[in-house]
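One letter stands for each residue in the lines below.
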Amino acid sequence: MPEARRVVVIGGSAAGPKSAAKARRMDQHADITIIQKSPDLSMASCGYPYFVGGTFDNRNQLLSTPTGVIRDPKFFMKAKGIQAITSTEVTAIDREKKTVTAKHLETGEVTVHPYDKLVITTGATPIMPPVPGSDLKGITTLQSMRDADYLRKIRDEGNIKNATVIGGGLIGVETCEALQLAGIKITLVEMLPQIMMFLDWELAKLLENHIKAKSADVITNNPVVEFLGDNGKLTGVRLKNGTELPCELAVVATGVRPNSALAREAGLEVGETGGIVVNEYLQTSDPDIYAAGDCIETTNLITGRKTHAPYGDLANLQGRVVGQNVIVDKPVKFPGTIQTGICKVFDYNVGATGLSEQSARKNGYEDIVTVVTAAPDKPGFMGAKLLVMKMVADQGSGRLLGVQCVGPGDVSKRIAAAAMAIHGKLTVADLTVADLPYAPPYSPAIDNLIATAHVLENKMTGRMKGISSVEVKAKVDAGEDMFLLDARGPDEYEQMRLGIGEVLIPLGALRERLNDLPEDKDKEIICFCKISLRGYEAASLIEANGWTNVKVLEGGVMAWPFAREK
Ligand SMILES: Cc1cc2nc3c(=O)[nH]c(=O)nc-3n(C[C@H](O)[C@H](O)[C@H](O)COP(=O)(O)OP(=O)(O)OC[C@H]3O[C@@H](n4cnc5c(N)ncnc54)[C@H](O)[C@@H]3O)c2cc1C
């Protein structure tokens, strides 16, 4: 019998165990070892915010199989025949001898492990803002089981009154919700002009408004410049504009950088993103060494550029590919990512796939077309919830480039369908006739994703002239002379209104009230309603009666991100 192939995996959280388990399924005789720095294995890090926030109480649920068995070294050996060594850090890779050197973090014992194929899945490390005071007690990240245990203890003890979350990305907003639910007063601080950079500003602002409505404060465009302390303990943070926020706890969530030092020291190629360079088989610059997960850089399938995409789904998918490639001769590929992400923040779901308008422009797409829609996610009689969606497409080819969606409705399936459309390089026209599942408990007869494609197609073909909320606000602020028409009913207008100088002419009354419109047929008229469907119908009617410059406020009142009169 040929000698068993020796596979050593460095890192034992997501990508590592996935690659080891897949390798085992491919080869029952391989000698597979996972060397893991943390004391735990296979931690469901994406679940940390929900443990901290009290969605569940038993931390072992983060470490268990669906049937409740903890994934410890005994489990790995018994169930999978994989040796898993914990609390042990790999300190060096010797590519000539094909060995790794590891050190036990408690005993200091040094061991050497030979390999035929090596897998690096060392993950990423949180970036700390380079400001004074970052060593004060009370400053943490939420990256490890230890961090999760620390924050959960804080929640359970109930002594902390004020906390600052620094960074408005996925982990920052999830942490904000978790701590706010624990009864701690939260301020979320973001140095950029908006939270959630995978969204465009207007959708991020809707989310910010929702977080504020849940009594957490959000401060944007204002970086933390100092942690303030007394006797070694955090007492507050100072922002660039001089504001001081008193707090006993600060959670830093300002992004992560790939753990690629070990690979770099071994002479493996590391890219400009800081991630380990791999080919489409996830092979590093050494053909016997593979890498996967947060420590690598991958290709953005839309732009073709290298990117660092630290997502749990990608780590698992890549781990599975590597697990095959370390065993079989005919390797499988991981072509790249379109950067799909989703999270929940209080009652809102937030997701995006592909390029936002700002990322498309940054990547050199100039001839793009976008639209924002707002609509219920199912019929009203089934308990509809709002979804605000933005779609980005290439005007010339019609190719779908990106979709973002926020709101209390079912964001997940819209983003999933959009992600597959982008993967398949579909056009907006393809989407307008897509056959998605429909029954009243799940969606309107024309799903929100398809309806948004319809509106975008109307815009692309010139049937509808849309105008964004941001453009309308700029016109209002500049005092531009235009006619703003709210086509809703008087009751709706009484309950909620923008208060930007609009005239209420309900759609049903418009035919009789055309005389109330401007005499100048070339004057700019901007129509809207709750979600701008009646606004669109009003615009068509007005245009058909000779007015030439009629636009529709995209998404209507529900997608208006600015302060309203009511
Ligand atoms: C709070 C939180 C919420 C998240 N939510 C989501 C989400 O909802 N959706 C999503 O897609 N992604 C989410 N992520 C991201 C996701 O968890 C990561 O992308 C994923 O865990 C990456 O897996 P990985 O195996 O590459 O790295 P990691 O999970 O970081 O594991 C790497 C492991 O390598 C070990 N290690 C490092 N260096 C060495 C060494 N020299 N020797 C031995 N071992 C070493 C470390 O101890 C670590 O356990 C979240 C992350 C966090 C922290």
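First, a word on what this report is: a plain description of the structure on this page.

What counts as what
Residues numbered from 1 in each chain as written. Predicted model: local features only at pLDDT ≥ 70, side-chain atom pairs only at ≥ 80, totals over all residues. Heavy atoms only, no water. Helix = DSSP H or I, 4+ residues; strand = E, 2+ residues; numbered from the N terminus. Buried < 20%, exposed > 50% of the residue type's maximum accessible area, 1.4 Å probe, protein only. Contact = heavy atoms within 4.5 Å. Areas by Shrake-Rupley, 256 points an atom, 1.4 Å probe, with all protein chains shown as cover. Lys, Arg positive; Asp, Glu negative; His and termini not counted. Charge placed at Lys NZ, Arg CZ, Asp CG, Glu CD. Pairing = 2+ DSSP bridges. Axes fitted to C-alpha atoms, helices over the stretch in contact; angles between N-to-C directions. Left-handed = near helix turned anticlockwise from the far one by under 90°. Nonpolar A, V, L, I, M, F, W, Y, C, P; charged D, E, K, R; others polar. Polar contact = N/O pair within 3.5 Å; in protein donor to acceptor, adjacent residues only side chain to side chain. Core = buried A, V, L, I, M, F, W, Y, C linked by side-chain atoms within 4.5 Å. Expected span 1.5 Å × (residues − 1). Near = heavy atom within 4 Å.

### With respect to the overall build of the protein chain
Reasoning step 1: Scanning the protein chain from terminus to terminus reveals 16 helices and 30 strands.
Reasoning step 2: Over its C-alpha atoms, taken along the principal directions, the protein chain stretches across nearly 90 × 60 × 40 Å.
Reasoning step 3: Counting the 566 residues in the protein chain, one finds 52% classified as buried.
Reasoning step 4: Counting contacts in the protein chain only where the partners sit at least 6 residues apart, residues at least 24 apart contribute 64% of the total.
Reasoning step 5: For the protein chain, the exposed area adds up to about 25,100 Å²; of that, 51% sits on carbon and sulfur atoms.
Reasoning step 6: Averaged over its 63 positive side-chain charges, the protein chain has a centre that lies 4 Å from the centre of its 68 negative ones.

### Some remarks on the sheet that holds strand 9 (residues 139–140)
Reasoning step 1: Spatially, 5 strands are ordered 9-16-10-11-12 in an open sheet, and the strand pairing comes out parallel. A single partner strand is all that each edge strand has here, and the edge strands are strand 9 and strand 12 (217–219).
Reasoning step 2: Relative to strand 16 (residues 249–252), strand 10 (residues 162–166) is paired through 4 bridges, and the arrangement is parallel. Looking at strand 16, one finds that valine 165 is bridged to valine 251.
Reasoning step 3: Across the sheet, helix 5 (residues 170–181) is in contact with strand 10, strand 11 (185–189) and strand 16; its angle to strand 11 comes to roughly 170°.

### Considering the packing of helix 1 (residues 15–26) against helix 8 (residues 312–325)
Reasoning step 1: Look at helix 1 against helix 8: their axes get within 7 Å of each other, and the N-to-C directions meet at 35°. By crossing handedness, the relation of helix 1 to helix 8 is classed as right-handed. The residues of helix 8 that touch helix 1, namely those facing Ala15, Lys18, Ser19, Lys22, Ala23 and Met26, are Ala315, Asn316, Gly319, Arg320, Val322, Gly323 and Gln324.
Reasoning step 2: Considered class by class, the residues forming the contact of helix 1 with helix 8 number 5 nonpolar, 5 polar and 3 charged.

### As for the environment of threonine 303
Reasoning step 1: With respect to the helices, strands and loops of the structure, threonine 303 is situated in the loop between strand 19 (298–299) and strand 20 (306–307).
Reasoning step 2: Taking the relative accessible area as the measure of exposure, threonine 303 reaches 21% and is therefore partly exposed.
Reasoning step 3: It is 9.9 Å that separates the C-alpha atoms of threonine 303 and serine 359, two residues lying 56 residues apart in sequence.
Reasoning step 4: If sequence neighbours within four positions are ignored, threonine 303 has contacts with Leu355, Asn363 and Tyr365.
Reasoning step 5: A polar side-chain atom of threonine 303 sits 3.1 Å from the main-chain amide nitrogen of arginine 305.

### Section: the nonpolar core
Reasoning step 1: Core analysis: the biggest nonpolar cluster contains 47 residues, and Ile10, Ile34, Ile93, Val100, Leu118, Ile120 and Val326 have the highest contact counts within it.
Reasoning step 2: Here isoleucine 93 is in contact with Ile10, Thr99, Val100, Tyr115, Leu118, Ile120, Leu262, Ala266 and Ile289, once residues within four sequence places are set aside.
Reasoning step 3: If you look at the next biggest cluster of nonpolar residues, it comprises 46 residues, including Val52, Leu63, Leu199 and Phe346.

### Let's talk about helix 12 (residues 448–460)
Reasoning step 1: With 13 residues, helix 12 ought to run about 18 Å at 1.5 Å a step, and its terminal C-alpha atoms sit 18 Å apart, in line with that.
Reasoning step 2: Every buried residue of helix 12 is listed here: Asn448, Leu449, Ile450, Thr452, Ala453, Leu456, Asn458 and Met460.
Reasoning step 3: Contact partners of the buried residues in helix 12: strand 23 (368–376), strand 24 (386–394), strand 25 (400–407), helix 10 (411–423), helix 11 (428–432) and helix 16 (533–544).
Reasoning step 4: Measuring from the side-chain oxygen of the N-cap residue of helix 12 to the backbone nitrogen of leucine 449 gives 2.9 Å; that N-cap residue is aspartate 447.

### Quick notes on the site of the ligand
Reasoning step 1: In the vicinity of the ligand, 31 residues are found, and the nearest of them are Ala15, Ser38, Val90, Asp294 and Gly312.
Reasoning step 2: Within the contact set of the ligand, an oxygen atom lies 2.8 Å away from a side-chain nitrogen or oxygen of serine 38.
Reasoning step 3: In the environment of the ligand, an oxygen atom lies 2.8 Å from a nitrogen or oxygen atom belonging to the backbone of glycine 312.
Reasoning step 4: In the complex, the protein chains occlude 87% of the 1,000 Å² of accessible area that the ligand would expose alone.
Reasoning step 5: Mapped onto the shell around the ligand, the elements with two or more residues apiece are strand 4 (88–94), helix 5 and helix 8.
Reasoning step 6: In terms of residue class, the shell around the ligand is built from 14 nonpolar, 12 polar and 5 charged.

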